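# Analysis of the macromolecular model
Below, each chain spelled out in residue letters.
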Amino acid sequence: MNNFIYENSTKVYFGAGCVKEFLTSLVKEFDIVMLAYGQGSVKRNGIYDEVTGLLMKAGKTVVEFPGIMPNPTYGKVLEGAWLARSSGVQLILGMGGGSVMDCCKAVSLAACCGEDPWMNYWEKKGIIDFTLIPVGVIATLAGTGSECNGAAVITNEEKKIKTGYDYPVCNPRFALMDPSYTFSVPKRQMAAGAFDSFSHIMEIYFSEPDEQNVSDEISEALMRSLIRNIRIAFENPMDYTARSNLFWDSALSENRLIKMGKRCDFACHLMAHQLGAYTDCNHGEAMAVLHPAYYRHIYGSGLKKFARFARKVWGIRQEDKTDAELAKAGIGALSAFIGEIGLPKTLRELGMEEEKELKKIADSCHYSPGSYRRTLPPEILEIFRECY
Ligand code: NZQ
Ligand code: ZN
């Protein structure tokens, strides 16, 4: 295992009724609370009413910051930062999925950094040695794990870059996770979120070291849990146990735990983010389109691990198969599962209309130093074309 420092400062309150039980005490020390949310789901499913009711009862001054879009833009971050500063906000409370939670962390950073936020904290990794406005989140969607990490993935529309670093000091101070809040997530988004979690695990699992290590074993258990529970939640979206598992799987997949001791790949994420920067596509769906194609390119450089993935995650027997045959069978099982849960398999299905954009997007992708092997823009373009 490689050396590491593990840190995760988010305090998680998990379970049915956790908002009602804990929110009032968690906001006790703050008078002015920014309430940040997305494009209306929290109003439709009643979460907004429940949360505002509790804040009003506690006598808080609420500054509303609505309309955070999926794939939040830098413009929206600057709008929020201005609002936070001009209203003297003391706590940013986000309720929503990864987009809302990321935007809240970004607003806090942009409001407090006092210099060009994009250049200093997104374009490159900066040092945060100043006090941030604390962020608390009420997660309503399982997938990104944003509730338990310090990343704020933001799209700079002008520069056509989607990026974000995981800054431990940007971790939410608290995360409220009530699985019943995810009952209203539509099936397609539920699948996209679950696949995003699956993708986070694979991006870590398929990287060195491959000596026996606890991270890989936890990863295999998490992947099996995701497969099992997405199938159950698909059958019965109101299954509390399945929704609970999906929710906690997603947090465990992106809270740094399984990254410890591993190099981590994230090449597929770098590609998906740039596809997002150009097309505003759904993040989890982009991961579903890219992973099988990317793995068909690189499996030869991590053959034993891909064979192990087939055996341990998909239950495929070795019998008289070579490792290469087993590895291909594992990637085939991954691809079949993507179809089974109704996720797109092509960039066209993802809403991409113009193949000619692909070269520009491939050229804008950075390479990942933790990959089994380096994938450069000409090969990324091949992968995109195979996915088109
Ligand atoms: O905007 P509203 O109306 O709230 O609707 C959202 C949105 O349309 C809806 N939704 C959320 N909770 C719901 C619900 N609908 C019904 N019932 C609920 N309970 O779902 C739609 C998608 O929401 P969004 O937050 O965009 O999805 P997700 O959680 O997948 O977040 C995607 C963003 O997170 C970034 C992605 O790049 C993307 O920008 N990521 C953040 C990461 C992190 N911080 O660690 C890691 C990821 O790899 C990813 O990059
Ligand atoms: Zn992701």
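Residues numbered from 1 in each chain as written. Chains lettered and ligands numbered in written order. Predicted model: local features only at pLDDT ≥ 70, side-chain atom pairs only at ≥ 80, totals over all residues. Heavy atoms only, no water.

## Some words on the overall build of the chain
For the chain, the helix and strand inventory stands at 15 helices and eight strands. With the C-alpha coordinates of the chain rotated into their principal frame, the extents come out at 70 × 45 × 40 Å. Counting only residues that meet the buried cut, the chain has 59% of its 388 residues in that class. With an accessible surface of roughly 16000 Å², the chain has 52% of that area assigned to carbon and sulfur atoms. The averaged location of the 47 negative side-chain charges in the chain is 1 Å from the averaged location of its 43 positive side-chain charges. (Helix = DSSP H or I, 4+ residues; strand = E, 2+ residues; numbered from the N terminus. Buried < 20%, exposed > 50% of the residue type's maximum accessible area, 1.4 Å probe, protein only. Areas by Shrake-Rupley, 256 points an atom, 1.4 Å probe, with all protein chains shown as cover. Lys, Arg positive; Asp, Glu negative; His and termini not counted. Charge placed at Lys NZ, Arg CZ, Asp CG, Glu CD.)

## Quick notes on the coordination of the zinc ion (ligand 2)
Around the zinc ion (ligand 2), the protein contributes the donor atoms Asp-196 (OD), His-200 (NE2), His-269 (NE2) and His-283 (NE2), which lie 2.0 to 2.2 Å from the metal centre. You can call His-200 buried: its relative accessible area is 3%. (Donors = N, O, S within 2.8 Å, 3.2 Å for Na, K, Ca; no water.)

## Comments concerning the UniProt feature "domain: Fe-containing alcohol dehydrogenase-like C-terminal" (unreviewed entry) in the chain
The sites that carry the UniProt feature "domain: Fe-containing alcohol dehydrogenase-like C-terminal" (unreviewed entry) are, in the present numbering, residues 191–386. This span, residues 191–386, is 64% helix and 0% strand, and a straight line between its end C-alpha atoms measures 23 Å. (UniProt positions renumbered as here; feature names shortened; annotations may be inferred.)

## Quick word on the packing of aromatic side chains
Pairs of aromatic rings are described using the distance from one ring centre to the other and the angle between the two planes. Within this structure, the stated rule accounts for 23 aromatic pairs. Both rings, one in Phe-309 and one in Trp-314, keep their centres 6.2 Å apart while their planes meet at 85 degrees; by these two values the pair is edge-to-face. Comparing Phe-309 with Trp-314, the two get one shared label, buried. One aromatic cluster is present, formed by Phe-195, Phe-198, Tyr-205, Phe-206, Tyr-294, Tyr-295, Phe-306, Phe-309, Trp-314, Phe-337 and Tyr-372 through successive ring pairs. (Phe/Tyr/Trp six-rings, centres within 6.5 Å; stacked < 30°, edge-to-face > 60°.)

## Overview of the nonpolar core
General note: in soluble globular proteins, nonpolar side chains tend to be found buried as a group. Residues Phe-198, Trp-314, Leu-347 and Phe-384 are the most contacted members of the largest nonpolar core, which totals 115 residues. Here this core gets ten residues from one element, more than from any other, and that element is helix α7 (residues 187–205). Phe-384 has contacts with Met-271, Leu-275, Leu-290, Leu-347, Leu-358, Ile-361, Ala-362 and Cys-365, leaving out every residue within four places of it along the chain. Core analysis: the next-biggest nonpolar cluster, separate from the first, contains 23 residues, Tyr-13, Val-27, Leu-54 and Tyr-181 among them. (Core = buried A, V, L, I, M, F, W, Y, C linked by side-chain atoms within 4.5 Å. Contact = heavy atoms within 4.5 Å.)

## Details of the sheet that holds strand β8 (residues 174–177)
In spatial order, the strands read β1-β8-β5-β4-β2-β3; together these six strands make up an open sheet with parallel pairing. The sheet terminates laterally at β1 (11–14) and β3 (61–65), the two strands that pair on one side only. Between one strand axis and the next, the sheet turns through 20 degrees on average, direction left out of account. Judged from the five bridges that link them, strand β2 (residues 32–37) and β3 form a sheet pairing that is parallel. Within the sheet, the bridge partner assigned to Val-33 lies in β3 and is Val-62. Sheet contacts for helix α5 (residues 98–112): β2, β3, β4 (91–96) and β5 (135–139); angle to β4, the most-contacted strand, approximately 165 degrees. Where helix α9 (residues 240–253) meets the sheet, it contacts β1, β5 and β8, and its direction lies at approximately 170 degrees from that of β1. (Pairing = 2+ DSSP bridges. Axes fitted to C-alpha atoms, helices over the stretch in contact; angles between N-to-C directions.)

## Observations regarding the side chain of Gln-274
Looking at where Gln-274 falls in the secondary structure, it is placed in helix α10 (residues 267–279). Of note is the side chain of Gln-274, whose polar atom sits 2.9 Å from the side chain of Ser-364. Here Gln-274 is in contact with Lys-160, Ile-161, Lys-162, Ile-361, Ser-364 and Cys-365, once residues within four sequence places are set aside. (Polar contact = N/O pair within 3.5 Å; in protein donor to acceptor, adjacent residues only side chain to side chain.)

## Digging into unusual backbone geometry
If a residue is not glycine, its phi is most likely negative; likewise, a peptide bond is most likely trans. For the bond from Glu-208 to Pro-209, the omega torsion is 0 degrees, close enough to zero to count as cis. When you line up the elements, Pro-209 lands in the loop between α7 and α8 (214–235). One non-glycine residue, Lys-160, lies in the positive phi region at around 55 degrees. Mapped onto the elements of the fold, Lys-160 is located in the loop between β6 (154–156) and β7 (161–163).

## Thoughts on the site of ligand 1
In the vicinity of ligand 1, 30 residues are found, and the nearest of them are Ser-41, Gly-98, Ser-99, Asp-102 and Lys-162. Contact distances for ligand 1 include 2.7 Å between an oxygen atom and a side-chain N or O atom of Ser-41. Here a nitrogen atom of ligand 1 sits 2.8 Å away from a polar atom, N or O, in the side chain of Ser-184. Relative to its unbound accessible surface of 970 Å², ligand 1 loses 90% to contact with the protein. Of the residues that constitute the shell around ligand 1, the class distribution is eight nonpolar, 19 polar and three charged. (Near = heavy atom within 4 Å. Nonpolar A, V, L, I, M, F, W, Y, C, P; charged D, E, K, R; others polar.)

## Looking at the environment of Phe-309
For Phe-309, the position within the fold is in helix α12 (residues 303–312). Sequence separation of Phe-309 and Asn-213 is 96 residues, and the distance between their C-alpha atoms is 14 Å. The contacts of Phe-309, once residues within four sequence positions are left out, are Phe-198, Met-202, Tyr-205, Phe-206, Met-223, Trp-314 and Gly-330.

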